[in-house]
Each structure stands twice: as structure tokens, then as C-alpha cells.
Amino acid sequence: MANLKDIRKRISSVKSTQQITKAMQMVAASKLKKAQDSVVQARPYAAKMSDVLASLAVRVKPGKHPLLERRDEKKIELMVITSDRGLCGGFNANVIKAAESFLRKKGDASEEIVLSVIGRKARDYYKRRDWEFKTEELNPGKADFSQAESIGRTVIDRYVEGETDAVYVAFTEFKSAMTQNIVVKRLLPLEPKVLAEDEVPVEYLYEPSEDALLADIIPRYIYTQVFSMLLESIASEHGSRMTAMDSATKNATEMTAKLTLLYNRARQAAITTELMEIVSGAEALN
Amino acid sequence: MESDKILLEIASPYRQVLKVEVDEVIAPGEEGQFGVLPGHTPFLATINVGQLMYRQGNQLKYVAVSHGYAEVEYHRVIVLLDAAELPHEIDLDRAEKARLRAEGRLAELSHEDRDYYEELAALDRAMNRISITKI
């Protein structure tokens, strides 16, 4: 029979854990709201950016810009986007799992792979496995366009220098608070939108020249892509944490109920034993 | 949509700043200001730091813009910018501080420094924000 005092201790410890998970859940919920808003707010820019690029790219020959150029994928860069902090269910584990399976698949094809990590969790995971990183950034949970820009710039530089032939990103796509998809998306080389046969590209006037515009717009498009990936990942992190903490809170409630039952039973048993002792003591006196 | 209006959409990476129907748009292009009236030929241009104006009837309104692009279609103008602010959104204190900071740094740097042009651009943006609140 469990000790009464021990059970009481257990109950209070479960309860205080529950308070923490409950608080974390509420914090995550409010952060999720903000993150979700910024995902939605950023969409028009990203969508229009890709429209503008598409309309530009259909009219230029593939060789015109290094980032549109396709090479044999011999050297691949994989960028893994996770969060800095844990306690968010399977969020980070899932991204890393996807990254691992990508590495296995591409690694079998005897291609050379380099790794970039964003977020402390991915960094720690791959550091333990003795990987070296091309880019290493933290993910403070607040998307910043200038961060996306600096990440994008290093990725582009490596691509242009020929250090990489393709760049893939493993991250979590935000659908809703409940559903998130892990995806591995290709960032470079760019894939210009293919027009349907009946679509006729609009003829534009350019200022300054077409080439100058293209050279300016393509890197910016990459930054936008990185930025929206960061935003989606952050929103997913909060969503995932909220769900995880919600179920943790529920489990704690269940556990408290079970322990309380056990406690009452033990108490009852103790009282019964005590009564028995008194009764038998009194009888012995007779 | 009626043929004598332009749909003006302004977006920055963080948000959609504006989506309104207007009669005319005057934007600070890289090679000088350009005006857009309904029915303009498709046109793609780089935008510089400055003031973008749009006219609704007799009313002229301003937006502080920084580097970006404008895509002009017959009845639509899409402007994608690093940052854009409506006059009432501008934090004058912050802009003043940014101006002083940039001026201070510029005084210490020479033309050869790499940061010189960055600071110059920062000063430009600050001045632009300040001037637009004074209109």
C-alpha cells in the first residue's frame, strides 16, 4: 500500500506541472494568433512577388540569370528549419525525420550534401552527429525580414559560386493550428512558372532594363521565400506547442483524478485498520 | 471594374499596406517620377525611396515608400516595397532619432567607407518619413 504522504506529494507535483502546461498553452495560443496574422499579412506580398517574377521569367532565356540556370545536382544544400525551444510535441522531431530521410535518399545517389541549420534544435541534433554547417542561425520565434535576407544572400552566394547545384529546405508548412505539413521544398534553382498554351505573356515596358530588373528582383524573391518559410515555421511551432500543452494539461487532470482516488482509498484503508486495532484492543481488555 | 479607375495595391513583406481604387498614381521611379493614369501600358519599374502619391477625385494622398517595384497593368498598379507607411502610421520621434543617428555616423565616416552609403540611405529614409508628415 502506497504511503499516504507520498501520494499527497505526487498529487501536488502533478498539479503544479499542470499549472505550467496550462500557462504554456495559453501563451502559445496568443503567440499563435500573432504568428498566424503575420503569415496571412505576408501572403499578398509573396504572391505578387511570384507573379511579377513569373511574368518576367517567361520572357527571358534560361541562361540569362545564374539563379535560373539548371545544373546537374551533384552538390546539394539542405536547409533545416526548426525552433529554438522544445516542448512543442513532435514539431522538431518531425522536421528532422523528414530531413534525415531526404539525406538518406540523396546520399544514396552519391551526391555531396552540405547542411544549413536554422533553429537551435536542428543545430544541436546535427552537431552531435558531427556535421558541419554552411549557415547556422537561431530561430528566435519572431520573423525578421533582414534575417531572411541575410540567410538568402549566403545561399545565393554559394549557388552562384558553384559550391551548390541545388538548395532544398525542410520546414513545416502552416495549414491551421491543428494541421501542419512537413515539406522539403526546392529553393534553388528557380522554376519559372510555365504558361498555359492559351496564355499570352503581357509585353511590358521596363525601367531600367529588363536585365537589371531581373537581377534585382530574383534575389529579393528568394529572400521573400525564405521569409515566408520562417513565418510558416514559427506559426507551426506555436500551433504545435499549443496542441501538445493542451493534451499535457488534460493528461495531468486525468492523473490527478486517479491519484486522488488512490489517495482516498489508502486513507480509508488506514482508518479501517485503525478501527480494527481499537476494537480488538477493547475486546482484549474484556 | 469601371474603366476610369486604377486599383492600387501596396504591399511590404510584413503586410498589405493599401488596396484602394484611385484615379491617378505618381510614383518615384529609379529613373525619375512617373505618373500612371487608367489604361497605362504594362510597365515594370524599380521604385526608389520617396513619396508615392495617389489621387482620388480631387484628393491627393501620400505614402512614404522605400526601395521596391511597381507593376503597372491597364487598370491595376501593384507596388511591392521593402517598407511603406501611410502618413498617420509614421513614428515621428523614431524617424527624428534615426535621422540624428545617421547624421552623427556620417560625420565620422568618409566617402570611402563601406558603411557610408548605408548610413546615407538610412538618412534618406528618415528624411523621407519626416517630410511626409509635414505635408
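A.B. asks: Can you tell me about the interface of chain B and chain A, naming the residues and giving the values?
C.D. replies: In this assembly, 27 residues from chain B lie in contact with 24 residues from chain A. Put simply, chain B and chain A have two salt bridges between them. Close ionic contact of Arg220(A) with Asp82(B) constitutes a salt bridge, the shortest N to O distance being 2.6 Å. Grouping the amino acids of the side of chain B that touches chain A by side-chain chemistry returns 13 nonpolar, seven polar and seven charged. Judged from the three bridges that link them, strand β6 (residues 205–207) of chain A and strand β5 (residues 43–47) of chain B form a sheet pairing that is parallel. Counted as the bridge partner of Tyr206(A) is Leu44(B) from β5(B).

A.B. asks: Provide a residue-level description of the pattern of salt bridges, including the pertinent values.
C.D. replies: If you walk through the whole model with that rule in mind, you get 23 salt bridges over all chains. The salt bridge involving Asp246(A) is made with Lys250(A); its shortest N-O contact spans 3.4 Å. Of this pair, Asp246(A) and Lys250(A) both sit in helix α5 (residues 210–285), four residues apart, which is roughly one turn of that helix. Through salt bridges with shared partners, a single ionic network connects Lys48(A), Glu9(B), Glu73(B) and Arg76(B).

A.B. asks: Hey, could you go over the sheet that holds strand β1 (residues 75–81) of chain A for me, with residue numbers and the actual values?
C.D. replies: Residues and elements named next belong to chain A. Judged by pairing direction, the sheet is mixed, and its five strands sit side by side in the order β3-β2-β1-β4-β5 without closing on themselves. Lying at the two open borders of the sheet, with one neighbouring strand each, are β3 (133–137) and β5 (180–188). Within this sheet the neighbouring strands show an average axis-to-axis angle of 20°, counted without direction. Where β1 lies against strand β2 (residues 112–118), seven bridges are found, and the strand directions are parallel. Residue Ile81 lies in a different strand from β2, and its bridge partner there is Ile118. α5 contacts β1, β2, β4 (166–174) and β5 of the sheet and is inclined by roughly 35° relative to β4.

A.B. asks: Requested: an account of the domain arrangement of chain B, with residues and values cited.
C.D. replies: All names here are of chain B. Looking at the assigned domains, one finds that chain B contains domain 1 (6–87) and domain 2 (90–133). Summarising the inter-unit geometry, the C-alpha centres of domain 1 and domain 2 are found 24 Å apart. Summed over both partners, the interface of domain 1 with domain 2 comes to about 750 Å²; 56% of that surface belongs to carbon and sulfur atoms. Contact with domain 2 buries area across many residues of domain 1, yet Val49, Glu85 and Pro87 alone supply 52% of it, more than any other trio. Across the domain 1-domain 2 interface, the total number found is one salt bridge. Residues Arg129 and Glu85 are paired through a salt bridge, measuring 2.4 Å at the closest nitrogen-oxygen approach. At the junction of domain 1 and domain 2, the tally comes to five residue pairs in polar contact (both at pLDDT 80 or more). If you list the elements that add at least two residues to the side of domain 1 that touches domain 2, you get β6 (50–56) and β7 (59–65). It is β7 that provides the largest number of residues to the side of domain 1 that touches domain 2, a total of four residues. Its residues assigned to classes, the side of domain 1 that touches domain 2 comprises eight nonpolar, three polar and one charged.

About the thresholds
Residues numbered from 1 in each chain as written. Chains lettered and ligands numbered in written order. Predicted model: local features only at pLDDT ≥ 70, side-chain atom pairs only at ≥ 80, totals over all residues. Heavy atoms only, no water. Contact = heavy atoms within 4.5 Å. Salt bridge = Lys/Arg side-chain N within 4 Å of Asp/Glu carboxyl O. Nonpolar A, V, L, I, M, F, W, Y, C, P; charged D, E, K, R; others polar. Pairing = 2+ DSSP bridges. Helix = DSSP H or I, 4+ residues; strand = E, 2+ residues; numbered from the N terminus. Axes fitted to C-alpha atoms, helices over the stretch in contact; angles between N-to-C directions. Domains from an automatic or database assignment. Buried area = accessible area lost by both parts, 1.4 Å probe. Polar contact = N/O pair within 3.5 Å; in protein donor to acceptor, adjacent residues only side chain to side chain.

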